[in-house]
Amino acid sequence: MSRAEQVCKEVMDKLQIKSKHEPEFLQAAEEVVESLAPVLEHHPEFLDAGIIERLVEPERCIVFKVTWMDDQHKVHVNRGFRVQFNSAIGPYKGGMRFHPSVNLGIIKFLGFEQIFKNSLTGLPIGGGKGGSDFDPKGKSDAEVMRFCQNFMMELYRHIGQFLDVPAGDTGVGAREIGYLYGIYKKIRNTFEAGVLTGKGLTYGGSLARKQATGYGLLYFVDEMLKDKGMSIRGKEIIVSGSGNVAIYATEKAQELGGKVVALSDSNGFIHDPDGIVLDSVRQIKEIERGRISEYVKHHPNATYQEGWKNIWGVKADIALPCATENEINEDWAKKLVENGVILVAEGANMPSSPEAIKIFHDNKIMFGPAKAANAGGVATSALEMTQNSMRLHWTFDEVDQKLKQIMADIYKRASSTAEEYGYKDNLVKGANIAGFLKVANTMLAQGVF
Ligand code: NDP
């Protein structure tokens, strides 16, 4: 075993013990650390500076109590989190997730991924993530507002435009960001627009931010296909989820000539062989905050099936998991391959298990990992920060063009790095290594502390 392999093993062995109750974080760390041995062979200085061991430990984890009252005046207590993982290349940056499954391990996994994703965008942003086990589903606007206000009563001490800039994620959309920003402004008595991103357009938000993760995913897919002499036109596509990422991924896929035939939510999935009518989905999910099953009432050719994971049994050319982590396991990956899928790209964070990714690679399926393919959201958040600092608004087209260029650059960086290190066509390795190099070199330049 080389020195580099030995160090990677020791770091992971220690982490397995220290983080044994954080399986998602271990899964994310394992994938990255496993990719790095060949890089470390060429860079003994990273080993001397203990970069790997320092990288897997968050700079700061904040866990706090959030007490709030529902409409019946019943008191509830939730847990809030902010993990400030790495600030080598810029202020911590990453979304906040409100979902009952949230715990410290989930936020650490997301924050860890964010370090490399943010580095890949080429923009000056470090890695962080936050959230709560609060479930906004079924709550009134007043309840969501009271929760957000109480959440910010603690979080405000830990964030700032030059320190840590949260954004949305699952369960945190325009409504939640509005409430969070409103109370931040009140507590701080200052209009510090750059402290949060995903804001409304009337108070410092950026055009194209809400579309950015979904659109960016499709720009990335377009680059992957172009590289192999193909295009999205005429391809049948499955998109899981029906939230922010899924809706705008569907919109851009349709615009580029693809046919999206299936979408899901946490209860089940719809299959429309005629192609999903997005206006109906928007009406149900964005306006009525209803269930995806209602779609079939308006579209008699479509079918609904309970069990959200069954979406991966639908036959298609392209699969875009855009709901949550570990949606595609080994069996579903095999099913996708059997059904003739040619490309899988991740809109959600870590939606494919390591076994599933291996199946895709073994079968020469083009595979776009989350930290490259879904980086459009955070990249556009960084563009929102830039506009806030300049006190200017760019047009939709200006932001969209920049996003397109950023996604094309990320694709080039990940694929050329993969090739340089002997992993041609393996974008997992390429993205991990390219993201790592910038952060590691910066940590080295900034010294050991
Ligand atoms: P939303 O809350 O807008 O939508 C999430 C969708 O996924 C909903 O349809 C939801 O179903 C479904 N879903 C969520 N959790 C689960 C679960 N545990 N099991 C089954 N279905 C689930 O979130 P986003 O679209 O913003 O985020 C989706 C994914 O994309 C997440 O992994 C997120 O981290 C990632 N991401 C988001 C970015 C952004 O800019 N928003 C940026 C980069 C990554 P239901 O409606 O039933 O709850």
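If you're wondering where the values come from, they're calculated on a predicted model, not measured in any experiment. (Residues numbered from 1 in each chain as written. Predicted model: local features only at pLDDT ≥ 70, side-chain atom pairs only at ≥ 80, totals over all residues. Heavy atoms only, no water.)

(A) Molecular detail of the overall build of the chain. When its secondary structure is counted, the chain shows 17 helices and twelve strands. For a compact globule of 449 residues, the expected C-alpha radius of gyration is about 22 Å, and the chain comes in at 21 Å, within 12% of that figure. Across its three principal directions, the C-alpha atoms of the chain cover 60 × 55 × 45 Å. Expressed as a percentage of its 449 residues, the buried residues of the chain come to 58%. Nonlocal contacts in the chain, meaning residues at least 24 apart in sequence, comprise 71% of its contacts between residues at least 6 apart. For the chain, the exposed surface amounts to about 18,000 Å²; the carbon and sulfur share of it is 52%. (Helix = DSSP H or I, 4+ residues; strand = E, 2+ residues; numbered from the N terminus. Rg over C-alpha atoms; globule rule 2.2 N^0.38 Å. Buried < 20%, exposed > 50% of the residue type's maximum accessible area, 1.4 Å probe, protein only. Contact = heavy atoms within 4.5 Å. Areas by Shrake-Rupley, 256 points an atom, 1.4 Å probe, with all protein chains shown as cover.)

(B) Structural view of the domain arrangement of the chain. Under the domain assignment used here, the chain contains domain 1 (1-57 + 425-449), domain 2 (60-191) and domain 3 (212-368). The distance between the C-alpha centroids of domain 1 and domain 3 comes to 31 Å. Of the residues lining the interface, eight residues belong to domain 1; the matching set on domain 3 comes to twelve residues. Taken over both partners, the interface formed by domain 1 and domain 3 buries close to 700 Å², and the fraction arising from carbon and sulfur atoms is 61%. Three residues, Q27, L427 and V428, lead the burial of domain 1 against domain 3; their summed loss comes to 59% of the area buried on that side. At the surface where domain 1 touches domain 3, the tally comes to one salt bridge. The closest approach of N and O atoms between D425 and K228, which form a salt bridge, is 3.0 Å. At the junction of domain 1 and domain 3, the tally comes to two residue pairs in polar contact (both at pLDDT 80 or more). Elements represented by at least two residues in the side of domain 1 that touches domain 3 include exactly α2 (23-42) and α17 (427-446). (Domains from an automatic or database assignment. Buried area = accessible area lost by both parts, 1.4 Å probe. Salt bridge = Lys/Arg side-chain N within 4 Å of Asp/Glu carboxyl O. Polar contact = N/O pair within 3.5 Å; in protein donor to acceptor, adjacent residues only side chain to side chain.)

(C) Molecular detail of the sheet that holds strand β11 (residues 343-345). Within the open sheet, the seven strands sit side by side as β9-β8-β7-β6-β10-β11-β12. Their pairing is mixed. Each edge of the sheet is formed by a strand with only one pairing partner; in this case those strands are β9 (303-306) and β12 (366-368). Averaged over all pairs of adjacent strands, the angle between strand axes in this sheet comes to 15 degrees, irrespective of strand direction. (Pairing = 2+ DSSP bridges. Axes fitted to C-alpha atoms, helices over the stretch in contact; angles between N-to-C directions.)

(D) Structural view of the nonpolar core. Counting 58 residues, the largest nonpolar core has L217, F220, V221 and L320 as its most contacted members. Excluding residues that lie within four positions of it along the chain, L320 makes contacts with L217, L218, V221, I237, I238, V239, S240, W312 and A345. Of all hydrophobic cores here, the second largest spans 42 residues; its members include V11, A29, V56 and F112. (Core = buried A, V, L, I, M, F, W, Y, C linked by side-chain atoms within 4.5 Å.)

(E) View of the pairing of strand β6 (residues 236-239). Note that β6 and strand β7 (residues 259-264) share three bridges and pair parallel. Paired with I238 across the strands is A262, a residue of β7. Viewed along the sheet, the connection from β6 through helix α9 (residues 244-255) into β7 turns out right-handed. (Right-handed = clockwise from strand over helix to strand, strands pointing away.)

(F) Structural view of the site of the ligand. In the vicinity of the ligand there are 26 residues, among which D169, T213, S266, R291 and N349 approach most closely. Between the ligand and V245 there is a distance of 2.9 Å, counted from an oxygen atom to a backbone nitrogen or oxygen. The side chain of S266 places a nitrogen or oxygen atom 2.4 Å from an oxygen atom of the ligand. For the ligand, whose unbound accessible area comes to 890 Å², protein coverage reaches 87%. Among the elements of the structure, α8 (209-227) and α9 are those that each provide at least two residues to the shell around the ligand. Here the residues of the shell around the ligand are counted per class, giving five nonpolar, 14 polar and seven charged. In terms of domain composition, the shell around the ligand takes at least three residues from each of domain 2 (60-191) and domain 3 (212-368). (Near = heavy atom within 4 Å. Nonpolar A, V, L, I, M, F, W, Y, C, P; charged D, E, K, R; others polar.)

(G) Representation of the pattern of salt bridges within the structure. Under the criterion given, the structure shown has 30 salt bridges. Among the ionic pairs, E251 bridges to R282, the shortest N-O distance being 2.3 Å. Of this pair, E251 sits in helix α9 while R282 sits in helix α10 (residues 278-287); the two residues are 31 residues apart in sequence, bridging distant segments of the chain. For the pair shown, E251 and R282 are each scored as buried. Connected through shared salt-bridge partners, R97, K129, D169 and E325 make up one network.

(H) Looking closely at the sheet that holds strand β1 (residues 60-69). Taken in spatial order, the five strands line up as β1-β2-β4-β3-β5 in an open sheet, and their pairing is mixed. Across the chains shown, the open sheet's two edge strands, defined by having one partner strand only, are β1 and β5 (164-167). Neighbour-to-neighbour, the strand axes of this sheet turn through a mean angle of 20 degrees, independent of strand direction. Sheet topology note: the strand β3 (residues 92-98)/strand β4 (residues 126-132) ladder contains five bridges and is parallel. Looking at the pairing, M96 lines up with G130 of β4.

(I) Inspection of the environment of E294 at higher detail. You can see E294 is positioned in the loop between α10 and α11 (295-298). In this structure E294 comes out as partly exposed when scored by relative accessible area, which is 22%. Between the C-alpha atom of E294 and that of Y304, which follows or precedes it by ten residues, the distance is 8.7 Å. Among all residues touching E294, those that are not within four sequence positions of it are I284 and E288.

(J) Quick peek at the packing of aromatic side chains. Under the defined criterion, the tally for this structure stands at 19 aromatic pairs. Both rings, one in Y181 and one in Y203, keep their centres 5.4 Å apart while their planes meet at 25 degrees; by these two values the pair is stacked. Of the two residues, Y181 is situated in helix α7 (residues 174-188) and Y203 in the loop between α7 and α8; the sequence distance between them amounts to 22 residues. Here the two residues Y181 and Y203 agree in accessibility, since each one is buried. These aromatic residues form a ring-pair network of at least three members: F64, W68, F98, F134, F147 and F151. (Phe/Tyr/Trp six-rings, centres within 6.5 Å; stacked < 30°, edge-to-face > 60°.)

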